[in-house]
Amino acid sequence: MTERKVRVRFAPSPTGALHIGGVRTALYNYLFAKKHGGDFILRIEDTDQGRFVPGAEEYIIESLKWVGIEPNEGIGFGEGPFAPYRQSDRKPMYKKYVDQLINDGYAYYAFDTAEELDAMRDRLKASNVDSKYDAITRTTMINSLTLPEDETKRRLENGDAYVVRIKLPRKEEVKFHDEIRGWVTVNTSTMDDKVLFKSDGMPTYHMANIVDDYSMQITHVIRGEEWLPSAPLHVLLYRYLGWENVMPKFAHLPLLLKPDGNGKLSKRDGDKLGFPVFPLEWKDPNSGEISSGYKQSGYLPEAVVNLLAFLGWNPGTHQELFTKEELAEAFTLERVSKHGAKFDQNKAKWYNQQYIRKVDNSVLALELEKQLANYNIKAEKQYLEQVCALVKEKISFIKELWDYSNYFFVEPTVYDETVIKKRWNEKSPLVINDLIELLRNVSNFDHTNIEAAYNQALERNEVANKDFLQMFRVCLSGVAGGPPIFEMAALFGKESTITRLENALNRIK
RNA sequence: GGCCCGUUCGUCUAUCGGUUAGGACAAAUGGUUUUCAUCCAUUAAAGAGGGGUUCGACUCCCCUACGGGCUACCA
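The rules behind each value
- Residues numbered from 1 in each chain as written.
- Chains lettered and ligands numbered in written order.
- Predicted model: local features only at pLDDT ≥ 70, side-chain atom pairs only at ≥ 80, totals over all residues.
- Heavy atoms only, no water.
- Pairing = 2+ DSSP bridges.
- Helix = DSSP H or I, 4+ residues; strand = E, 2+ residues; numbered from the N terminus.
- Axes fitted to C-alpha atoms, helices over the stretch in contact; angles between N-to-C directions.
- Salt bridge = Lys/Arg side-chain N within 4 Å of Asp/Glu carboxyl O.
- Buried < 20%, exposed > 50% of the residue type's maximum accessible area, 1.4 Å probe, protein only.
- Right-handed = clockwise from strand over helix to strand, strands pointing away.

1. What to know about the sheet that holds strand β5 (residues 163-166)
Here's step 1: An order of β4-β5-β8 is seen for the three strands of this open sheet, with the pairing classed as antiparallel. Every other strand in the sheet has two partners, leaving β4 (107-110) and β8 (195-197) as the edge strands with one partner each. Sheet twist, expressed as the average angle between the axes of neighbouring strands with direction ignored, equals 45°.
Here's step 2: One ladder, built from four bridges, connects β4 with β5; its direction is antiparallel. Counted as the bridge partner of Tyr 109 is Val 164 from β5.

2. Section: the pattern of salt bridges
Here's step 1: Inspection of every chain in the model, using the stated rule, returns 28 salt bridges.
Here's step 2: Across the pair Arg 86 and Asp 89 runs a salt bridge, and its minimum N-O distance is 2.7 Å.
Here's step 3: The salt bridge involving Arg 181 is made with Glu 225; its shortest N-O contact spans 3.6 Å. Here the residue Arg 181 occupies a position in the loop between β6 (173-178) and β7 (182-187), and Glu 225 occupies one in the loop between β9 (220-224) and α7 (231-240), the gap between them amounting to 44 residues.

3. With respect to the pairing of β9
Here's step 1: With five of five residues buried, β9 is to be regarded as a mostly interior element.
Here's step 2: Where β9 lies against strand β10 (residues 249-253), five bridges are found, and the strand directions are parallel. Within β10, the residue paired with Gly 224 across the bridge is Leu 253.
Here's step 3: Crossover connection from β9 via α7 to parallel β10: handedness right-handed.

Next comes the structure, spelled out in structure tokens:
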């Protein structure tokens, strides 16, 4: 094969939300293309009209945009020189090649009805034989191989429903090289005469896939392992169409498995597993069921890219944090693992934490601002940034910003009971009163001065720091944990700090 | 059932015939933070089983077991 520009494609079907395994497949394609200075194409495989789900195509596009793995050609990303990129729009292109296969003796017409096919399968199953439409069984079925030539012609002219099936040799080894798994050999005796062209005039996946990859000059097919069994069929199609010299290289990715170790991750898992399986929130148009998305769950796209990249691939070094660019640089199909990977929530959380810490406070402030809007709270930008700086390393997900910072915006009305029960005593009101008085006289309300006033109040009442510090925190914020107390108070400001103490005094008894 | 692919700590994985089998997440313990989170240190944790090949196998071959995928006029 001559040196061709690397061109890869991600080719999902718009049958629902794109799940996270699909995003990983897209990512690996993207990384591979970037690594080799090639093109990454988005093609929509919608040959099954019955399974079309409205909104799914838009969802796929939005998802890819969110994670930042944008194709440079294809639906939703500027149609390139190989348009159209939606198989339903390419419908007229396929028939020609199907006819070519028939003329060359590699495919044939079949007129069997669904009932007849079922009957054949039942019959074969009953006699414990593999129930497939193959070199043997096709001789007992109704097709252009068993029908007289003029009868076939008559049926076609009459407009009878038909499909076109590939005519596989009875016994022949099909061998192909997978970039991840090495050589794979399958005998055609275990395969069946797959339908290439459906009675509704649409090609099946197998046919459309080969014609499109060929005509879009795809050099590498990087897809999920579920396609491995049909790869020999695809190899045969390239051969029969005379395209073997430009056949793409294949790489079948290991699957993403459910954490409980039972089966592959699927769209239907929705939220059942306790973590999102979709990049974006998805509302099923049929059931109305809403499934959460990584975005809405507070994941950063950079973290999703990084954690997905490591589910089935690793650089062979100890580095675990990679930017998209670094990934593209380091990525090789050679280092993709062969076995399925269970999704690990903890690791995902850890990745997100790492990325949140890297995010600039001003960016987090914007997110916090959005969350505050839900409560009709407005705050100054500078204040928001300072709050974010204090709480950022405590959170794992963006959406937790509010949970960890709400008391910066709303003065507490309830106080952590455990702490109060343990620490509140007859001296507490005295200390607080002294503290209020001392704080009133602090002119420069920064954390050192607050701390000095605090220590003075303790001394006056002969109270030990450890017996009161957390009490102080609870009076100010209502909760037992949080950022350094005096810095927190400094951010509240003098007025609010004093009000909070007064409120606590009135409410706690 | 048939065919294909796979199998290293609980999880993601490193190792490409010779290692005390390494790292990360999670866990446990201790320390720091007089809180939580962070951070630091420490601990525990793995080659599915059986045959070969070899001076020597986690690594190569075979068998078994187990896991996964496919087996539609779905992709």
